[in-house]
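Chain and residue survey
So the chains spell out like this:
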Amino acid sequence: MARHGPGGKFMKLTVLGCSGGIGGIGGEDSRTSSFLVDDDVLVDCGTGVGDLDFDALRRVSHVFVSHSHLDHITAIPLLVDSIGELGRHTVTVYATPETLHILRAHVFNWLVWPDFTAIPDRRSPYLHLQAVKIGESVRVDERTFTALPVRHTVPGAAWCIDSGAAQLVYSGDTTYCPELIAAINALPALRHLIVETAFPEEMRARAIAARHLCPSMLETMLNELTGEPLVYISHLKPGLGERIMEQIGAIRGRLRPARLTRGQVIAF
Ligand SMILES: [Zn+2]
Ligand SMILES: [Zn+2]
């Protein structure tokens, strides 16, 4: 498909899912974290990927994973199985070495799912795992994906997506993380920031224990940002989205976060 370029077309990110869970409590239409970049790249691979039809699935060749928690990886095994055999199609999954180790040991271990890095054979498998250390970048055509540091209960990464014209950061799952803030502040062309706020303020202790953000921690983070990105809130706990957004709305600061919604398209 047509791509962006500094003097050309933009790159686009479509939200397939941005909830902390499934079930759609209170009229919410919940799918877990999954974002389609243009039509061939996924950033996280949660339940939102299940809404793509087969033609859309078979265009996906690259998956950037924030961390190994199930809500972010659940569709990877099914995606690879569905499109591998029929199209002899290889999907490359990019994540930190620690996350790939977990996927190998606990998902693609022949017990939970076959090891698709050996199917049909190791020389041309349907699944390719490529390690990206924090601070390293991967180029996919004209687009650059850089792993940024986070603090969560398991090793993980945020991803900076650079279209050549502008940058978008997706936090993945993280609690307050000075290293991430420093990395974001060092970006020269940040335009969009998707950041989680999993818990409401009254669950601050849970947010700290589960290494997520709550509104007061988000406030601290936003106050330390030096740029002027548009801020979108993701990973709201099902049923608590309105409450969390109300609390975020009461934050006083330069940046006015909006709730990210499924189906939303961000061009940059
Ligand atoms: Zn997580
Ligand atoms: Zn999560």
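Residues numbered from 1 in each chain as written. Chains lettered and ligands numbered in written order. Predicted model: local features only at pLDDT ≥ 70, side-chain atom pairs only at ≥ 80, totals over all residues. Heavy atoms only, no water.

1. Observations regarding the environment of alanine 157
Worth spelling out the cut-off: By definition, any uninterrupted DSSP run of H or I lasting at least four residues is a helix, any uninterrupted run of E lasting at least two residues is a strand, and each is numbered from the N terminus. Accessible area is worked out with a 1.4 Å probe on protein chains only. A residue is then buried under 20% of its type maximum, exposed over 50%, and partly exposed in between. Between two residues, a contact is recorded if the distance between any of their heavy atoms is within 4.5 Å.
Looking at the secondary structure, you find alanine 157 in the loop between β8 (143-148) and β9 (158-162). For alanine 157, a relative accessible area of 2% gives the class buried. Remark: the alpha-carbon pair of alanine 157 and glycine 172, spanning 15 residues in sequence, is separated by 6.8 Å. Filtering out sequence-adjacent residues up to four positions away, alanine 157 remains in contact with Ser66, Thr96, Ile134, Ala147, Leu148, Val150 and Ser171.

2. Points about the packing of aromatic side chains
Here a ring pair, both rings aromatic, is described through the centre-centre distance and the interplanar angle of the planes. Formally: Ring pairs shown here join Phe, Tyr and Trp side chains whose ring centres sit within 6.5 Å, with only the six-membered ring taken for Trp; geometry is labelled stacked below 30 degrees between planes, edge-to-face above 60, and tilted in between.
Evaluated as defined, the whole model comprises four aromatic pairs. Aromatic pair phenylalanine 64 and tyrosine 94: ring centres 4.3 Å apart, planes at 10 degrees, arrangement stacked. Placement of the pair is phenylalanine 64 in strand β4 (residues 62-64) and tyrosine 94 in strand β5 (residues 91-95), with a sequence separation of 30 residues. Looking at phenylalanine 64, the relative accessible area reads 0%, which means it is buried. Note on tyrosine 94: relative accessible area 5%, which makes it buried. Both rings, one in phenylalanine 64 and one in phenylalanine 145, keep their centres 4.1 Å apart while their planes meet at 10 degrees; by these two values the pair is stacked. In this pair, phenylalanine 64 is assigned in strand β4 and phenylalanine 145 in strand β8, connecting sequence segments 81 residues apart. Residue classification places phenylalanine 145 among the buried residues on the basis of a relative accessible area of 0%. Chaining the aromatic ring pairs together yields one cluster made of Phe64, Tyr94, Phe145 and Trp159.

3. What to know about the coordination of the zinc ion (ligand 2)
Formally: Distances define the donors: N, O and S atoms within 2.8 Å of the metal qualify, as do those within 3.2 Å of Na, K or Ca. Water is excluded, so some sites may look unfinished. Metal sites are grouped by the angles between bound donors: all angles between 85 and 135 degrees with four donors is tetrahedral, opposite donors over 155 degrees apart with the others between 65 and 115 is square planar for four donors and octahedral for six, and any other pattern is irregular.
Summarising the metal site, the zinc ion (ligand 2) is bound by the protein donors Asp71 (OD), His72 (NE2), Asp173 (OD) and His235 (NE2), whose distances to it range over 2.1 to 2.2 Å. Classification of the site at the zinc ion (ligand 2) rests on its four donor atoms, whose angles at the metal span 90 to 168 degrees, yielding the label irregular. Within one chain, the residues serving as donors to the zinc ion (ligand 2) are arranged as D-H-x100-D-x61-H. A separation of 3.6 Å is found between the zinc ion (ligand 2) and the zinc ion (ligand 1), both of which receive a donor from aspartate 173. Of this pair, aspartate 173 sits in the loop between β10 (167-170) and α5 (178-185) while histidine 235 sits in the loop between β12 (230-234) and α8 (241-249), placing them 62 residues apart in sequence. When its relative accessible area of 6% is taken as the criterion, histidine 235 is described as buried.

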